[in-house]
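What the coordinates show
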Amino acid sequence: MSKRIAVIGGGASGMVAAIRAAQLGAQVTVYERNDRVGKKILSTGNGKCNFSNEKMSADCYRGNGVELVDTIYNIFGVKETKEFFAGLGMRIKERDGYLYPASGQASTVLDVLRYELERLLVRVVTGCQVTNISADRNELIVETNAHSREKYDAVILACGGCAAPKTGSDGQGFVLAKQLGHNIIPTVPALTALRCGEDFYKRVAGVRCDAKLTLYIDGQPMRSHRGELQWTDYGISGIPVFQLSRDAAYALQEQRAVTVQISLMSESDDNAGDAFWRERWMRQSGQTMEQFVIGLVNKKIGLLLLKLAGIKESEKAENVPQVRREKLEGLCRSLFVTVRDTNPFEQAQVCAGGVDCLEVTDTLESRIVPGLFFAGEILDIDGICGGYNLQWAWSSGAVAGQSAAQHRG
């Protein structure tokens with residue numbers, strides 16, 4: 001008799017879990033609270049869906065489940081993911097290690113998954129929220145807000161976390177896991193912008209520039225990233241900010257002091273040090289300071305730095321006192337901003353925290369409830385930008401689906 005498997009959540013990990021289990025002969029039902037599956041996939045990669053990355057490493061992940069990453073990827077990694085999607089008819093293009101559907105459309109990824117669910121006769125129940133899961137001997141009972149009550153041989157929780165709740169990730173999976181006895185690591189928004197305390201952001205809102213950012217917690221440097229910094233009217237954003245946001249969010253939750261050091265100099269100019277500045281002051285000595293900062297950094301930023309250094313825009317460069325010169329140079333190399341908060345889950349790409357991975361086996365089965373499996377963002381594993389979170393969704397979904405189909409109750 002075929003195994004009866006319920007997948008709670010029709011997102012990236014849930015769909016792959018359902019497909020893999022059905023491929024192994026299981027009778028699969030997917031419960032999705034939205035009116036359609038895969039809604040969050042459509043917004044990934046600005047609609048282009050960076051679905052994986054050739055440069056894959058456990059170092060690209062955070063959380064107490066990091067040790068699980070290599071184990072899962074040895075079963076179903078990037079190679080297997082490419083083969084999986086190619087087998088569904090999707091051509092793949094690669095750019096600097098980043099993997100995308102050749103169509104350039106996130107909808108392609110969703111469509112091939114939906115068509116495979118249909119081909120495998122997976123039952124998809126949309127507009128339905130699971131309200132309770134309970135164990136009855138060797139079976140698990142799934143109850144919904146539609147007052148249905150069905151028994152299964154295995155259940156896969158793939159409900160996501162709390163990020164982008166409008167797409168369906170509202171934290172309900174954590175409620176179900178906790179009811180079943182699992183510990184939930186406190187959650188925070190990750191891959192999101194940072195809200196800062198200074199009063200100058202409206203002056204530079206909308207500006208984008210290359211910068212190196214270093215996160216400081218209680219005055220100690222923690223992590224650095226270089227890339228395109230985006231200035232907003234409330235603080236800072238962009239990929240290098242997103243990469244720091246997880247650590248910043250946890251530190252803020254613990255009421256620790258969080259600052260970010262911004263270096264606006266290129267690595268080559270920064271390495272040139274005092275020689276770079278001596279030459280610039282000498283070559284442009286007859287210019288006003290407004291002219292002096294043109295070409296040094298974005299004009300709006302340059303004018304802001306002059307204000308912070310106490311230098312008038314109309315002042316001639318040759319007349320700027322040494323102490324003000326050093327102040328300006330220092331701000332270009334090291335502008336510190338105070339982080340007050342992160343953007344909320346509504347603007348976060350991913351949720352950090354989740355089900356304690358110490359309570360999960362190498363096959364993603366619960367150590368507490370036999371026949372209960374986990375996949376995707378519901379676990380305390382989250383990746384940096386670059387396709388890493390979707391790769392975790394595909395891999396954990398495939399392994400959970402396979403494990404559930406082969407589970408012996």
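Along each chain, residue indices are assigned from 1 in the same order as the chain's sequence is written. Local features are withheld for residues below a pLDDT of 70 in this predicted model, meaning they are given only at 70 or higher, and side-chain atom pairs are given and counted only at 80 or more; totals for whole chains, interfaces and linings count all residues. For the side-chain quantities, the full set of heavy atoms in the structure was used; hydrogens and water were omitted.

**Section: the overall build of the protein**
Helix numbers and strand numbers start at the N terminus; a helix is a DSSP run of H or I with at least 4 residues, a strand a run of E with at least 2. The secondary structure content of the protein amounts to 13 helices and 21 strands. In terms of overall dimensions, the protein has a C-alpha envelope of 90 × 45 × 35 Å along the principal axes. Classification of residues uses two cut-offs on accessible area relative to the type maximum, computed with a 1.4 Å probe and protein chains only: under 20% is buried, over 50% is exposed, and between them is partly exposed. Each of the 409 residues in the protein was classed as buried or not, and the buried ones make up 55%. Any two residues whose heavy atoms approach within 4.5 Å at even a single point are treated as in contact. Taking all contacts inside the protein whose residues are at least 6 apart in sequence as the whole, residues at least 24 apart take part in 72%.

**Notes on the pattern of salt bridges**
Whenever a carboxyl oxygen of Asp or Glu lies within 4 Å of a side-chain nitrogen of Lys or Arg, that contact is scored as a salt bridge. Inspection of every chain in the model, using the stated rule, returns 21 salt bridges. When the shortest N-O distance is used, the salt bridge between Arg4 and Glu139 registers 2.7 Å. Of this pair, Arg4 sits in strand E1 (residues 4-8) while Glu139 is found in strand E9 (residues 139-144), placing the two residues 135 residues apart along the sequence. The exposure class assigned to Arg4 is partly exposed, which follows from its relative accessible area of 21%. A salt bridge links Asp136 to Lys151, with the shortest nitrogen-to-oxygen separation between them at 3.5 Å. With Asp136 in strand E8 (residues 130-136) and Lys151 in strand E10 (residues 149-152), this pair connects stretches of sequence that are 15 residues apart. A relative accessible area of 30% places Asp136 in the partly exposed class. We classify Lys151 as partly exposed; its relative accessible area is 37%.

**Observations concerning helix H2 (residues 66-75)**
Looking only at H2, the buried set comprises Leu68, Val69, Ile72 and Tyr73. Looking straight down H2, one finds its buried side chains confined to an arc of 125 degrees; they lie on one side. For H2, the exposed residues set more than 90 degrees away from the buried face come down to Glu67 and Asn74. Where H2 is buried, its residues meet strand E4 (61-62), helix H3 (78-87) and helix H13 (388-405). Arc, as used here, means the arc of the directions from the helix axis to the C-beta atoms.

**Concerning the side chain of Thr44**
Following the sequence through the fold, Thr44 ends up in the loop between strand E2 (27-31) and strand E3 (52-53). For Thr44, a relative accessible area of 19% translates into the label buried. Excluding residues that lie within four positions of it along the chain, Thr44 makes contacts with Cys49, Ala106 and Leu390.

**Some points on the sheet that holds E3**
In spatial order, the strands read E3-E6-E5; together these three strands make up an open sheet with antiparallel pairing. At either margin of the open sheet sits one strand with a lone partner, and together these are E3 and strand E5 (92-95). By definition, two strands form a pair when at least two bridges between them are found by DSSP.

**Things to note about the sheet that holds strand E7 (residues 123-125)**
Judged by pairing direction, the sheet is parallel, and its five strands sit side by side in the order E7-E2-E1-E11-E20 without closing on themselves. Of all strands in the sheet, those with a lone pairing partner are E7 and strand E20 (372-374), marking the two edges. Here the average twist between neighbouring strands, direction ignored, is 20 degrees. Both E1 and E2 contribute to a ladder of five bridges, which runs parallel. Along E2, the bridge assignment pairs Ile8 with Tyr31. Strands E1, strand E11 (154-157) and E20 of the sheet are contacted by H13, whose axis makes an angle of about 165 degrees with E20. Here, axes are lines fitted to C-alpha atoms. For helices the fit covers the stretch in contact, and angles between N-to-C directions go from 0 to 180 degrees.

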